[in-house]
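# Close look at the chain arrangement
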Amino acid sequence: MKKLALLFTMSPLLFACSPAEQNTVTQQRDASVAVSTVDYQQLPNYTTDVPGIEQDYLAPEFWLQRLEQPHALIMTRDEIADFNARSYRVQDEMVYLNEHPLELSAAELTAKIDSISSLPGYPRHYADGTRATAEQLDAYRNAAHFDAIRDVNPVRFALVVKRTPMRTFPTLDKLYSDDLDTDIDRFQETGVFPGTPLAILHTSADGQWYLAQSYHYLAWIQAKHVAIGPREEVLGFVEKEPFAIVTEAKVHTNYTPSMTAVSEVQLDMSTRLPLLSAAETGHNVHGQNPFASYTVQMPIRDALGDLAFTPALIPRHNDVSVGYLPFTEANLIGQAFKFLGERYGWGHDYNARDCTGFVLEVYRSMGIDMPRNSSQQGYGAYGTTVVYDENASNEEKLARLAKAQVGDLIYLPGHVVMYLGQIDGYHYVIHDVHGLSYTDDNGNYYEGTLNGVSVTPLTTLGFGKNDTYLDRIYAIKSVR
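Overview of the structure. (Residues numbered from 1 in each chain as written. Predicted model: local features only at pLDDT ≥ 70, side-chain atom pairs only at ≥ 80, totals over all residues. Heavy atoms only, no water.)

### Remarks on the overall build of the protein
- For the protein, the helix and strand inventory stands at 12 helices and 25 strands.
- In terms of its C-alpha atoms, the protein occupies a principal-axis envelope of roughly 65 × 60 × 40 Å.
- Buried positions account for 56% of the 480 residues belonging to the protein.
- Carbon and sulfur atoms make up 49% of the accessible area of the protein, which amounts to about 20,200 Å² in all.
- Counting 37 positive and 59 negative side-chain charges, the protein places the centres of these two groups 1 Å from one another. (Helix = DSSP H or I, 4+ residues; strand = E, 2+ residues; numbered from the N terminus. Buried < 20%, exposed > 50% of the residue type's maximum accessible area, 1.4 Å probe, protein only. Areas by Shrake-Rupley, 256 points an atom, 1.4 Å probe, with all protein chains shown as cover. Lys, Arg positive; Asp, Glu negative; His and termini not counted. Charge placed at Lys NZ, Arg CZ, Asp CG, Glu CD.)

### Remarks on helix α3 (residues 77-90)
- With 14 residues, α3 should reach 20 Å at 1.5 Å per residue; the first-to-last C-alpha distance of 20 Å fits that figure.
- Within α3 the residues assigned to the buried category are Arg 77, Ile 80, Phe 83, Asn 84, Ser 87 and Tyr 88. Taken end-on, α3 shows its buried residues confined to a sector of 135°, consistent with a single buried face. Looking at α3, the residues exposed on the side facing more than 90 degrees away from the buried face are Asp 82 and Arg 89. (Expected span 1.5 Å × (residues − 1). Arc of directions from axis to C-beta.)

### As for the packing of aromatic side chains
- Applying the stated criterion to the full structure yields 16 aromatic pairs.
- Through a chain of ring-to-ring contacts, three or more aromatic side chains come together here, namely Tyr 57, Phe 62, Trp 63 and Tyr 428.
- Seen from the ring of Tyr 215, Arg 364 lies directly overhead, with NZ or CZ sitting 4.0 Å from the centre.
- A cation over an aromatic ring shows up here: Lys 477 above the ring of Tyr 382, its NZ or CZ 4.0 Å from the ring centre. (Phe/Tyr/Trp six-rings, centres within 6.5 Å; stacked < 30°, edge-to-face > 60°. Lys NZ or Arg CZ within 6 Å of the ring centre and 35° of its normal.)

### Structural notes on the sheet that holds strand β5 (residues 164-167)
- Strand order across the open sheet formed by 7 strands is β6-β5-β9-β8-β7-β4-β10, with antiparallel pairing between neighbours. Both outer strands of the open sheet, β6 (188-192) and β10 (226-229), are each paired with one neighbouring strand and no more. Averaged over neighbouring strand pairs, the angle between their axes works out to 45° when direction is ignored.
- The sheet contact formed by strand β8 (residues 209-213) and strand β9 (residues 218-222) spans 5 bridges and is antiparallel. Directly across from Trp 209, in β9, lies its bridge partner Gln 222.
- Here helix α4 (residues 106-117) sits on the sheet in contact with β5, β6, β7 (197-203), β8 and β9, set at roughly 85° to β9. (Pairing = 2+ DSSP bridges. Axes fitted to C-alpha atoms, helices over the stretch in contact; angles between N-to-C directions. Contact = heavy atoms within 4.5 Å.)

### Thoughts on helix α11 (residues 394-401)
- When α11 is considered as a whole, its buried residues turn out to be Lys 397, Arg 400 and Leu 401. The arc that holds every buried residue of α11, seen down its axis, measures 100°, which confines them to one face.
- Where α11 is buried, its residues contact β18 (384-387), β19 (409-412), β20 (415-423), β21 (426-439), α12 (469-472) and β25 (475-478).

### What about the pattern of salt bridges?
- This structure, assessed with the given rule, holds 16 salt bridges.
- Between Asp 349 and Lys 174 there is a salt bridge, and its shortest N-O distance comes to 3.0 Å. A residue pair is termed long-range when its members are at least 10 positions apart, and Asp 349 in the loop between α8 (329-337) and α9 (355-364) and Lys 174 in the loop between β5 and β6 qualify at 175 residues.
- Relative accessible area serves as the criterion here: at 12%, Asp 349 is assigned to the buried category.
- With a relative accessible area of 34%, Lys 174 lands in the partly exposed category. (Salt bridge = Lys/Arg side-chain N within 4 Å of Asp/Glu carboxyl O.)

### What to know about the sheet that holds strand β17 (residues 320-322)
- With antiparallel pairing, 3 strands are arranged side by side in an open sheet as β14-β11-β17. Two strands in the sheet have a free side with no partner beyond their single neighbour: β14 (272-274) and β17. Each neighbouring strand pair of the sheet contributes to a mean axis angle of 30°, computed without reference to strand direction.
- When strand β11 (residues 243-246) meets β14, the two strands line up antiparallel, connected through 3 bridges. Bridge pairing in β14 places Ile 245 opposite Arg 272.

### So, the pairing of β19
- Neither face of β19 is exposed, since Leu 409 and Tyr 411 on one face and Ile 410 and Leu 412 on the opposite face are all buried.
- Counting the residues that bridge the hairpin from β19 to β20 gives 2 residues, and of these Gly 414 lies at a positive phi of roughly 75°.
- Both β19 and β25 contribute to a ladder of 3 bridges, which runs antiparallel. Within β25, the residue paired with Ile 410 across the bridge is Ile 476.

### Things to note about unusual backbone geometry
- In this structure, the amide linkage connecting Glu 241 to the following residue, Pro 242, adopts the cis form with an omega of -5°.
- One non-glycine residue, Glu 264, lies in the positive phi region at around 55°.
- Position of Glu 264 among the secondary structure elements: in the loop between β12 (250-252) and β13 (266-268).
- At Asp 424, a residue that is not glycine, the phi angle is positive and equals roughly 55°.
- Tracing the backbone through its elements, the reader meets Asp 424 in the loop between β20 and β21.

### Quick word on the side chain of Thr 253
- Along the chain, Thr 253 falls in the loop between β12 and β13.
- With a relative accessible area of 2%, Thr 253 lands in the buried category.
- Within polar-contact distance, the side chain of Thr 253 engages the backbone oxygen of Val 262 at 2.8 Å.
- A polar contact of 3.1 Å, which involves the side chain of Thr 253, links it to the backbone nitrogen of Glu 264. (Polar contact = N/O pair within 3.5 Å; in protein donor to acceptor, adjacent residues only side chain to side chain.)

### What to know about the environment of Gly 452
- Tracing the chain through its elements places Gly 452 in strand β22 (residues 445-457).
- When the C-alpha atoms of Gly 452 and Asp 354 are compared, they prove to be 8.4 Å apart, with 98 residues separating the residues in sequence.
- In contact with Gly 452, not counting residues within four places along its chain, are Glu 342, Arg 343, Tyr 344, His 431, Asp 432 and Val 433.

What follows is the structure in structure tokens.
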């Protein structure tokens, strides 16, 4: 391979990813990545401006067949349960909602709002370049309805009924940094999927938004996309068994004219929903026989905004696992490559995901929970983590990379990549990345874009013209 001086530039990323043993259907899922007979070199348009890439590298089976024991369990279900329990203990930003207080004092609620909805410390601009005024920014903050805070503020509980964004302020207005990179909406925090439980802490001044706490994030969510229900019912929903896990990048429930609330609902990878039997639903679900589909229980919002449930069908041609996928290297590769080519979406914007959302959904399809933000992940005390300070040598990092395993997570400021393996001494990764630039051996500088889930070399990538990715690596984590 030609030696490359390669660098990727991106806007700094703030985000940038009670079980039983699996049944036979689930255990066989990791065997679904078959060795391809496609000759990728013969595909049309085999050219790219991404250095160090052969077309074969874009196929999961290329990496799968390089592994000695791709289907060996990395952790059992019980070990994953212990792993998650430790993560929740050591990561303050991860919250067991069944331990969440049932009420908050005025000081506690104000602190929660301030933690997400403080005024930005840098200028913010609208897409047309107009700088947001102090009055406009104050209006966004005042929409949080501080006047409604009482001495004692009851906490409610809800389930998400539609994929929806979580925002810095209770608004869908998009604001950007000085560079006007309109792919990076600075008011976008993350996204949540149907069936996600939430603690509802507060309501915006217009009544259209809730301040909501998920298992790993606190931000504002549109009220119309959640349904308020009894605490026990909400929290019990995610404990129901048997359950389905969406293992495709995205699937949709079947169209049904008789129940629009569950018609063609998008379900992203890692979405967990209870499975229903024919004994529970009968042989007609919204006008269709369910025998050729996965019948899942979906939360819906009634006319008053309260929680209700109804069956929905996911066609069996979709990738859905009964229970979590086994935690294997084959499944890490298989799940990651299901996102290959998806457009980058800061904070789950653009109906997609960013670097940490990417790794979260891959790992969560195997039942492993992690914090949302890259710094929380990279410096987090869960897993086996080596953290490097500014005095660490690149030789130390290369020595650790020489022992890296599939799925290891490598952290740079604002970014995370997932390790795939070595080719001719070069380390390769898959990651959801925004920008692309590099300098070749002749000193020619090139700037382009990736803006999606990509396979790239690692150690010669970089930030700017002076630092490589290797220079900026500050943590390498094994989730094992």
